[in-house]
2 protein chains.
Amino acid sequence: MTRFVTIAAGQLGPVARTETRTAVVARLMALMRQAKANGCDLIVYPELALTAFFPRWYFEDQAEIDSFFEREMPGPETRGLFDLAREIGIGFYLGVARYRKVHLPGHAEHEPWREFQHLEKRYFDPGDGFGVTEAFGGVMGMAICNDRRWSETYRVMGLQGVEMVMIGYNTPVHNPPAPEHDDLSLFHNHLVMQAGAYQNGTFVVGVAKAGVEEGVDHIGGSCVIAPSGEIISRCTTKGDEIALARCDLDLCNSYKRTTFNFDVHRQPHAYGMIVERKGVTLMADGTPVRTKR
Amino acid sequence: MTRFVTIAAGQLGPVARTETRTAVVARLMALMRQAKANGCDLIVYPELALTAFFPRWYFEDQAEIDSFFEREMPGPETRGLFDLAREIGIGFYLGVARYRKVHLPGHAEHEPWREFQHLEKRYFDPGDGFGVTEAFGGVMGMAICNDRRWSETYRVMGLQGVEMVMIGYNTPVHNPPAPEHDDLSLFHNHLVMQAGAYQNGTFVVGVAKAGVEEGVDHIGGSCVIAPSGEIISRCTTKGDEIALARCDLDLCNSYKRTTFNFDVHRQPHAYGMIVERKGVTLMADGTPVRTKR
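Before going into details, it helps to say that this report is about the structure given with it. Note that this is a predicted model, so its numbers are computed, not measured.

1. Some thoughts on the relation of the copies chain A and chain B
Logical step 1: Mapping chain A onto chain B calls for a rotation angle of 180 degrees and an axial translation of 0.0 Å; the resulting RMSD is 0.0 Å. This pairing of chains is accounted for by a two-fold axis.
Logical step 2: Comparing contact sets, 100% of the residues at the interface of chain A also lie at the interface in chain B, consistent with an isologous, same-surface contact.

Structure follows, in structure tokens:
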């Protein structure tokens, strides 16, 4: 029995701050129909697919912040997407569902010196961890954006047998604290996902919200990566676009049973430091400082 | 104060089984003199630089096995290398010193179906872990061969502030249990080292024993990788050759203080599974099965 999943990386161009969820959902539905027409079983959308990337702004008004969060899924403006998916028979990843992003990049306080803010540590709390789900005949995992830069993300899912990791991201080309990385942002994006795929014998699907959104340029580079670490499909624009790949989940075994046969080759006795909370600042009562709003 | 280390990746071509240590040491000394003439502070040699890669053969005679190990360092045949290094003032990594390889690839029992053996699990015991050493004005780390495919190797050293990881390897192009990986062996070699460098903000120096040794072809691809993940210098042959790079150790900070500021961004609460010995086979007395001779 073969286990093929035909997947669409459903890249979005920018979402303006004034754009309604209804308008964005219409764009998502257009990509979904395209994916289905190309025989896809599943479409992966970017992180923060429904709104502009709001952590780039400093807000003090909680009601304004709340306006960027979903109160229910599906809600009145998103229901059409769920209905269409059910009607035509396709799965989708929206980057807002059960999975909670673990690695929050950026900062928690307003830093006016930056050209734009990256206040994820202000507006979000870190998630608990990385789970996997059996679906589409395989073991599926989810991560969001900055999680993809951390090898632990893939490893924790790899140890649970993950065969396809879906990752949505919004990544500015410009990194204010390290502008010397700007030219490499697309290279870094692919490097970390390719290594994560190979080192865990899993497909990785990385999907961007790309292009110039509210004056800030974001990388594209949405792609599907095989368990070999090879990019097997990718978007070529920075707008709404799907990239297609027919993924044989059994390819994962070629790596999981050889070079990365964890039961045979891992040496956890040497990894202890990875889970120590070395260097963590403690509060007066001894609990570690956690970034929260 | 700047902290430059000029480094040579001291790649070796094959070492025949009949080649004496004295003959190999003469080759190593030639590379060392070349490195010094090019202003190097340090030269990195491959894994098993002094002999043929003997785990490719199945031996039953312990004396024959022992003939491939060093009884003392320096010994009568290797002393010249140490003396030359002291005389001209250069450091070197030989892949046989204090560091003990943690991740042993291959197998422990004779598998005659293979074109050649890879009996590292038979002839070696896994090392205890990954330490670092202050030297050359920076924080230096060592790993060997298959260790480089495991993200934990770099992370454990990264958590100790490593700024340059030196890795010697002997990697056959052909992987008997997974020949479908053969075409990708050079790509995988670079992918894992580039990701390890970027994700920990460290230089990585990877050095091969390359070419056709006793009928088995090995990858070359010796290189120096910057903390950006970029390959900044590499060998172009599969023979004795040095690749040079002038490494500014302060470049590491560009990554260690931003994207990979571990104190600010790591989430060890989500990593627990990485140190669990899940799936490990236990012996009757409850101790985990360890591969040893």
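2. Notes on the packing of helix H1 (residues 21-37) of chain B against helix H3 (residues 79-88) of chain B
Residues and elements named next belong to chain B.
Logical step 1: As a packed pair, H1 and H3 sit with axes 10 Å apart at the nearest point and diverge in direction by 15 degrees. Judged by the inter-axis angle, H1 sits roughly parallel to H3. In the packing of H1 onto H3, the handedness of the crossing is right-handed. Each of Val25, Leu28, Met29, Met32, Arg33 and Lys36 in H1 lies in contact with H3, whose residues at this interface are Gly80, Leu81, Leu84, Ala85 and Ile88.
Logical step 2: Looking at the contact of H1 with H3, its residues break down into 8 nonpolar, 1 polar and 2 charged.

3. Examining the interface of chain A and chain B
Logical step 1: Listed by partner, the interface residues are 59 residues for chain A and 60 residues for chain B.
Logical step 2: At the surface where chain A touches chain B, the tally comes to 4 salt bridges.
Logical step 3: Note that Arg155 of chain A and Glu152 of chain B form a salt bridge whose closest N and O atoms lie 2.6 Å from each other.
Logical step 4: The set of elements that each furnish at least two residues to the side of chain A that touches chain B consists of helix H5 (151-158), helix H6 (185-200), helix H7 (252-256) and helix H8 (262-265) of chain A.
Logical step 5: Counting residues per element, the side of chain A that touches chain B draws most heavily on H6 of chain A, which supplies 8 residues.
Logical step 6: Tallied by class, residues from the side of chain A that touches chain B come to 26 nonpolar, 21 polar and 12 charged.

4. So, the pairing of strand S7 (residues 203-208) of chain A
All names here are of chain A.
Logical step 1: By the criterion of burial, S7 is predominantly enclosed, with 6 of the 6 residues buried.
Logical step 2: Read as a crossover between parallel neighbours, the route from strand S6 (residues 164-169) over H6 to S7 is right-handed.
Logical step 3: The pairing of S7 with strand S10 (residues 223-225) spans 3 bridges and is antiparallel. Its bridge partner being in S10, Val204 is matched across the sheet by Ile225.

5. Thoughts on the pattern of salt bridges
Close approach of charged atoms lets side chains of opposite charge pair.
Logical step 1: For the structure shown, the criterion picks out 30 salt bridges over all chains.
Logical step 2: Between Glu163 of chain B and Arg3 of chain B there is a salt bridge; the shortest N-O distance is 2.8 Å. Of this pair, Glu163 of chain B sits in the loop between helix H5 (151-158) and strand S6 (164-169) while Arg3 of chain B is found in the segment before strand S1 (4-11), placing the two residues 160 residues apart along the sequence.
Logical step 3: Owing to a relative accessible area of 8%, Glu163 of chain B belongs among the buried residues under this scheme.
Logical step 4: Given a relative accessible area of 15%, Arg3 of chain B falls into the buried group.
Logical step 5: Of the charged contacts in the structure, one is a salt bridge between Arg122 of chain B and Glu109 of chain B, with a shortest N-O distance of 3.4 Å. Residue Arg122 of chain B is located in helix H4 (residues 120-123), and its partner Glu109 of chain B is located in the loop between strand S3 (91-93) and H4; the two are separated by 13 residues in the primary sequence.
Logical step 6: According to the relative accessible area criterion, Arg122 of chain B is buried, its value standing at 11%.
Logical step 7: Under the relative-accessibility criterion, Glu109 of chain B is labelled exposed at 52%.
Logical step 8: Taken together, the shared-partner salt bridges connect Arg3, Glu163 and Asp250 of chain A into one network.

6. Brief notes about the sheet that holds S1 of chain B
Residues and elements named next belong to chain B.
Logical step 1: The 4 strands are arranged S3-S2-S1-S12 in an open sheet whose pairing can be described as mixed. Pairing within the sheet leaves two strands with one partner each, and these edge strands are S3 and strand S12 (241-248). The mean inter-strand angle of the sheet, taken between neighbouring strand axes irrespective of direction, is 20 degrees.
Logical step 2: One ladder, built from 3 bridges, connects S1 with strand S2 (residues 42-44); its direction is parallel. Paired with Ala8 across the two strands is Ile43, which belongs to S2.
Logical step 3: Contacts from H1 reach S1, S2, S3 and S12 within the one sheet, and its direction differs from that of S12 by about 40 degrees.

The rules we used
- Residues numbered from 1 in each chain as written.
- Chains lettered and ligands numbered in written order.
- Predicted model: local features only at pLDDT ≥ 70, side-chain atom pairs only at ≥ 80, totals over all residues.
- Heavy atoms only, no water.
- Least-squares fit on C-alpha atoms with pLDDT ≥ 70 in both.
- Contact = heavy atoms within 4.5 Å.
- Axes fitted to C-alpha atoms, helices over the stretch in contact; angles between N-to-C directions.
- Helix = DSSP H or I, 4+ residues; strand = E, 2+ residues; numbered from the N terminus.
- Parallel < 35°, antiparallel > 145°, perpendicular 65-115°, else oblique.
- Left-handed = near helix turned anticlockwise from the far one by under 90°.
- Nonpolar A, V, L, I, M, F, W, Y, C, P; charged D, E, K, R; others polar.
- Salt bridge = Lys/Arg side-chain N within 4 Å of Asp/Glu carboxyl O.
- Buried < 20%, exposed > 50% of the residue type's maximum accessible area, 1.4 Å probe, protein only.
- Right-handed = clockwise from strand over helix to strand, strands pointing away.
- Pairing = 2+ DSSP bridges.

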